[in-house]
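# Results of the structural survey
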Amino acid sequence: MVSDLRTINVTKRFGGITALNSVNIRVEPDSIVMLIGPNGSGKTTLINVIAGYYKPDKGHVLFNGFDITGWLPHEIFKTGIVRTFQIPRPFKKLSVLDNLLLAVRSNPGESIINALFRAEKWKEREREALQKAYDVLELLDLERVKNKKAAELSGGQLKLLEIGRALMAEPKLILMDEPVAGVNPSLAHEIMDHIVSLRNTLRLSFLIVEHRLDIVLDYVDKVYAMSHGKVISVGKPSRVISDPQVVEAYLGG
Amino acid sequence: MIDILRIIVDFTAFYSIYLMLSVSLNLEYGYTGIPNFGKVMFFAGGAFTVGAIAGRMLAPLAGIDLSKLDYCMNNVYVGSLVSRYLAQHAGLALAVFIALVIAGSLVGAFLGWLASYPSIRLREDYLGMTLVVSGELLRIVSLNYDPLVCGTFGAKTPNPFSFLSGFAMDFTRSAFMFTIAMLTWLIVGRLVKSPFGRLLKAIREEEEAAEALGKDVVKVRMKVLMLGSAIAGAAGALYAFYIGIVHPSDYAPLRTFIVWVMVIIGGAGNNLGAAVGALIYLFVDRTLAIAKTYMPVLPFDLNYLTYVFLGIILILVLIFKPEGLIPESLEVREEIREEASQ
Ligand SMILES: Nc1ncnc2c1ncn2[C@@H]1O[C@H](COP(=O)(O)OP(=O)(O)OP(=O)(O)O)[C@@H](O)[C@H]1O
Ligand SMILES: [Mg+2]
């Protein structure tokens, strides 16, 4: 599965604030890229621009050579990019399992005609999806709550559910906004292990925004550091975190 | 005895109409979260279709030349001649009935499609207001534009069941109506239990997350509004045939709010709830209507008492069962149950 994401000179302003200032990043095929930076440095905004939630004022987003700038979120999903939300957005009144099943790509049962008259068509798909959902539940340690309403989950479990939905969606690239914030460290490491194995086996790519450097840094290939909407450093994890500019950005706020 | 049967038959006819309205609003609001405050517009769309077409279309068959006669001034007369003609042609009468109910639902769907345009751009609350206003617009235009349903005169609808008479006629008509309503209820019930229904709830719960998972929220909303409006249109057509006349002032916003009360009392997001809500409304409304005929003259119109009762029921439900008498249920997938039983 190829996946090559680039942003070219992406700029996004909110009134007087320049949340993104000519940002260039690249997530190469089969890579796990991390995006760090102090609060308010523009990380979530960048994800929102890539995933089609915001239109950039300037610049382009390219995915596998296609210019996807300004596409709608559901169109971007179809290219294989799936995002998670920093603040979880579960379908609250649906079961955990249904939250996962909803992420299934082009489910025939989601058309009115099929839903009414061609049950064989979607039941088969539903069974496959269910099988996959059980694997995801097991990985994320959510089996016990599978038939609970998502509204009844704990904060950490909701973060896990965000990841679970993305894994269900057969993505090529997952944009994760703080996936392990609030998740217990041992599970967080398991999730990171799984991410690496998905990269190795299914050749998925990841762009991970995370403040928990202690947990995530060891698993990633490349790090971008942002400050005030600009990329201030890029490279191997060890190089970026010892970059004086990065240290300065974190200390100076 | 026949009196009670008559009441039941009348009850069934009204229930069929309310059931369809309540099911359609529940699909839109209860499942999908679309605040359709314009339900009456789509209901009127179906009723006006019957009012505008039925008499005019059948008049030539009944030997009336509409170019020599002002239809609106004489529509009661024309309507009764047409009914008399239909009495001799049962097959044609039923075909016309079915065809116009379908036409009513198509007009409803078309209006739903039109109304879905603002829903692409407007936030939910503004959409609600827009729908109220468009419903009023349709009513006011039709009140003042005779070619539609003869404005303030109203348009008489021919009786497609005039080949029967007395109780047999009422019974057959109610049976037809109830069959259509039950079919609608069953179809919607099947739909909301499918992945499509799950998608609707997801859109209601968290629109942006649904988009992130590739769902075309705008398109789904459009489909739902069209389907819901088609159902309301069919209900309007049935209503027009049932009461025998289409009068624009009958299609005031109050009707919309009554349907909302049914859905909220019954339980939004539950298909059975919609059926129960409609039943409760009907019970209050019809009981009082019947009571009225037995009551001495009161200093006020007993019909208003319906609203008092409904208001009280609504408040009690909101206090004690805020999610309705039959709340939305958590869907547990079949296969899971199988697994549990193994
Ligand atoms: N929808 C919006 N409207 C106005 N300003 C916004 C909006 N979204 C983000 N911003 C502003 O853009 C800047 C970058 O915000 P962003 O959410 O991208 O930061 P972040 O790097 O994700 O921070 P954190 O680590 O706290 O999540 C902030 O100053 C924020 O106030
Ligand atoms: Mg953020």
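Parameters at a glance
- Residues numbered from 1 in each chain as written.
- Chains lettered and ligands numbered in written order.
- Predicted model: local features only at pLDDT ≥ 70, side-chain atom pairs only at ≥ 80, totals over all residues.
- Heavy atoms only, no water.
- Donors = N, O, S within 2.8 Å, 3.2 Å for Na, K, Ca; no water.
- Helix = DSSP H or I, 4+ residues; strand = E, 2+ residues; numbered from the N terminus.
- Buried < 20%, exposed > 50% of the residue type's maximum accessible area, 1.4 Å probe, protein only.
- Contact = heavy atoms within 4.5 Å.
- Salt bridge = Lys/Arg side-chain N within 4 Å of Asp/Glu carboxyl O.
- Polar contact = N/O pair within 3.5 Å; in protein donor to acceptor, adjacent residues only side chain to side chain.
- Near = heavy atom within 4 Å.
- Areas by Shrake-Rupley, 256 points an atom, 1.4 Å probe, with all protein chains shown as cover.
- Buried area = accessible area lost by both parts, 1.4 Å probe.
- pLDDT = per-residue confidence, 0-100.
- Pairing = 2+ DSSP bridges.
- Disulfide = S-S within 2.5 Å.
- Axes fitted to C-alpha atoms, helices over the stretch in contact; angles between N-to-C directions.
- Parallel < 35°, antiparallel > 145°, perpendicular 65-115°, else oblique.
- Left-handed = near helix turned anticlockwise from the far one by under 90°.
- Nonpolar A, V, L, I, M, F, W, Y, C, P; charged D, E, K, R; others polar.
- Expected span 1.5 Å × (residues − 1).

Before going further, it helps to examine the coordination of the magnesium ion (ligand 2). All names here are of chain A. Of the protein atoms, only Thr44 (OG1) and Gln86 (OE1) coordinate the magnesium ion (ligand 2), at distances of 1.9 to 2.1 Å. A residue pair is termed long-range when its members are at least 10 positions apart, and Thr44 in helix H1 (residues 43-50) and Gln86 in the loop between strand E6 (81-83) and helix H3 (96-101) qualify at 42 residues. Take Gln86: its relative accessible area is 32%, and that puts it in the partly exposed class.

A separate point is the environment of Leu187 of chain A. Residue and element names in this part refer to chain A. Among the structural elements, Leu187 can be located in helix H7 (residues 185-201). When the C-alpha atoms of Leu187 and Asp141 are compared, they prove to be 8.3 Å apart, with 46 residues separating the residues in sequence. Apart from the residues lying within four places of it in its own chain, the contact partners of Leu187 are Leu139, Leu140, Asp141 and Leu160.

This part is about the environment of Glu323 of chain B. By the secondary structure assignment, Glu323 of chain B is in the loop between helix H13 (303-320) and helix H14 (334-341). Taking the C-alpha atoms as reference points, Glu323 of chain B and Asn270 of chain B, 53 residues apart in sequence, are found 10.0 Å from one another. Aside from chain neighbours lying at most four places away, what touches Glu323 of chain B is Lys93 of chain A together with Gly267 and Ala268 of chain B.

Enumeration over the complete set of coordinates arrives at 26 salt bridges over all chains. Glu128 of chain A is paired through a salt bridge with Arg125 of chain A; the nearest N and O atoms lie 3.9 Å apart. Remark: Arg125 of chain A and Glu128 of chain A occur in helix H5 (residues 119-139); sequence separation between them is three residues, near one turn of the helix. By relative accessible area, which is 44% here, Glu128 of chain A ends up partly exposed. Of the charged contacts, one joins Arg199 of chain A and Asp221 of chain A as a salt bridge, the two residues approaching to 2.8 Å between their closest N and O atoms. Taken together, the residues Arg199 of chain A in helix H7 and Asp221 of chain A in the loop between helix H8 (213-216) and strand E9 (222-227) connect sequence positions 22 residues apart. Classification of Arg199 of chain A by relative accessible area gives buried; the value is 14%. Judged by its relative accessible area of 28%, Asp221 of chain A is partly exposed. One network of salt bridges, in which partners are shared, links Lys201, Arg204, Glu205 and Glu328 of chain B.

Another aspect to go through is the side chain of Lys222 of chain A. All names here are of chain A. Mapping Lys222 onto the fold places it in strand E9. Owing to a relative accessible area of 14%, Lys222 belongs among the buried residues under this scheme. Of the polar contacts made by the side chain of Lys222, one reaches the backbone oxygen of Arg26; its length is 2.9 Å. In this structure the side chain of Lys222 is engaged in a polar contact, spanning 3.0 Å, whose partner is the side chain of Tyr224. The residues touching Lys222, leaving out its near neighbours within four places in the chain, are Arg26, Glu28, Ile32, Val33, Met34, Val234 and Gly235.

What follows deals with the site of ligand 1. All names here are of chain A. Taken together, 14 residues sit near ligand 1, with Asn39, Gly40, Lys43, Thr44 and Thr45 positioned nearest. Within the backbone of Ser41, a nitrogen or oxygen atom sits 3.2 Å from an oxygen atom of ligand 1. The separation between a nitrogen atom of ligand 1 and a polar side-chain atom of Tyr54 is 3.1 Å. When ligand 1 sits alone it has 630 Å² of accessible area, and the protein chains cover 65% of it. Of the residues forming the shell around ligand 1, the biggest block, three residues, is contributed by H1.

What follows deals with unusual backbone geometry. Residues and elements named next belong to chain A. Its identity as a non-glycine residue notwithstanding, Asn64 has a phi of 50 degrees, on the positive side. In this structure Asn64 comes out as partly exposed when scored by relative accessible area, which is 26%. Within the chain, Glu170 stands out as a residue other than glycine whose phi angle is a positive 45 degrees. Structurally, Glu170 is set in the loop between helix H6 (155-168) and strand E7 (173-177).

Attention shifts here to the interface of chain B and chain A. Of the residues lining the interface, 34 residues belong to chain B; the matching set on chain A comes to 40 residues. A combined buried area of about 3,400 Å² lies between chain B and chain A, and 61% of that area is made up of carbon and sulfur atoms. For the pair chain B and chain A, the number of links is four salt bridges. One can count 14 residue pairs in polar contact (both at pLDDT 80 or more) joining chain B with chain A.

In low-pLDDT segments, the atomic positions of the prediction should not be examined closely. For chain B, per-residue confidence averages 89 on the pLDDT scale, and 96% of positions sit at 70 or higher. Across the interfaces of the predicted complex, the ipTM metric reaches 0.93, alongside a pTM of 0.92.

Residue and element names in this part refer to chain A. The buried fraction of strand E3 (residues 32-36) amounts to five of the five residues, a majority that puts the element mostly inside the structure. Along E3, one buried face is formed by Ile32, Met34 and Ile36 and the opposite face, lined by Val33 and Leu35, is buried too. With four bridges joining them, E3 and strand E8 (residues 205-209) adopt parallel strand pairing. Along E8, the bridge assignment pairs Ile32 with Phe206. With four bridges joining them, E3 and E9 adopt parallel strand pairing. Across the sheet, residue Met34 finds its bridge partner in E9, namely Val223.

Turning next to the state of the cysteines. All names here are of chain B. According to the stated counting rule, one finds one disulfide over all chains in the structure shown. What pairs with Cys72 in a disulfide is Cys150, and their sulfur atoms sit 2.1 Å apart. Taking the sign of the torsion about the S-S bond as the criterion, the disulfide between Cys72 and Cys150, at about -80 degrees, is left-handed. Linking Cys72 in the loop between helix H2 (39-58) and helix H3 (75-88) with Cys150 in the loop between helix H6 (146-149) and strand E1 (155-156), this pair joins segments that are 78 residues apart in sequence. By relative accessible area, which is 10% here, Cys72 ends up buried.

As a further point, take the packing of helix H11 (residues 253-266) of chain B against helix H12 (residues 271-294) of chain B. All names here are of chain B. Between H11 and H12, the shortest axis-to-axis distance is 7 Å and the interhelical angle comes to 120 degrees. On the basis of the axis angle, H11 is oblique to H12. Every pair of crossing elements has a handedness; the one defined by H11 and H12 is right-handed. Taken together, the residues of H12 that come into contact with H11 (itself represented by Ile258, Met262, Ile265 and Gly266) are Gly273, Gly277, Ala278, Ile280 and Tyr281. Classifying every residue of the contact of H11 with H12 by side-chain character gives six nonpolar, three polar and no charged.

The next thing to look at is H11 of chain B. Along an α-helix, residues three or four positions apart point the same way, because every turn accommodates 3.6 residues. All names here are of chain B. Over its 14 residues, H11 runs 20 Å from end to end, which matches the ideal 20 Å to within 8%, given 1.5 Å per residue. If you check which residues of H11 are buried, you get Arg255, Thr256, Ile258, Val259, Trp260, Val261, Met262, Val263, Ile265 and Gly266. Phi turns positive, to about 130 degrees, at Gly267, one or two residues after H11.

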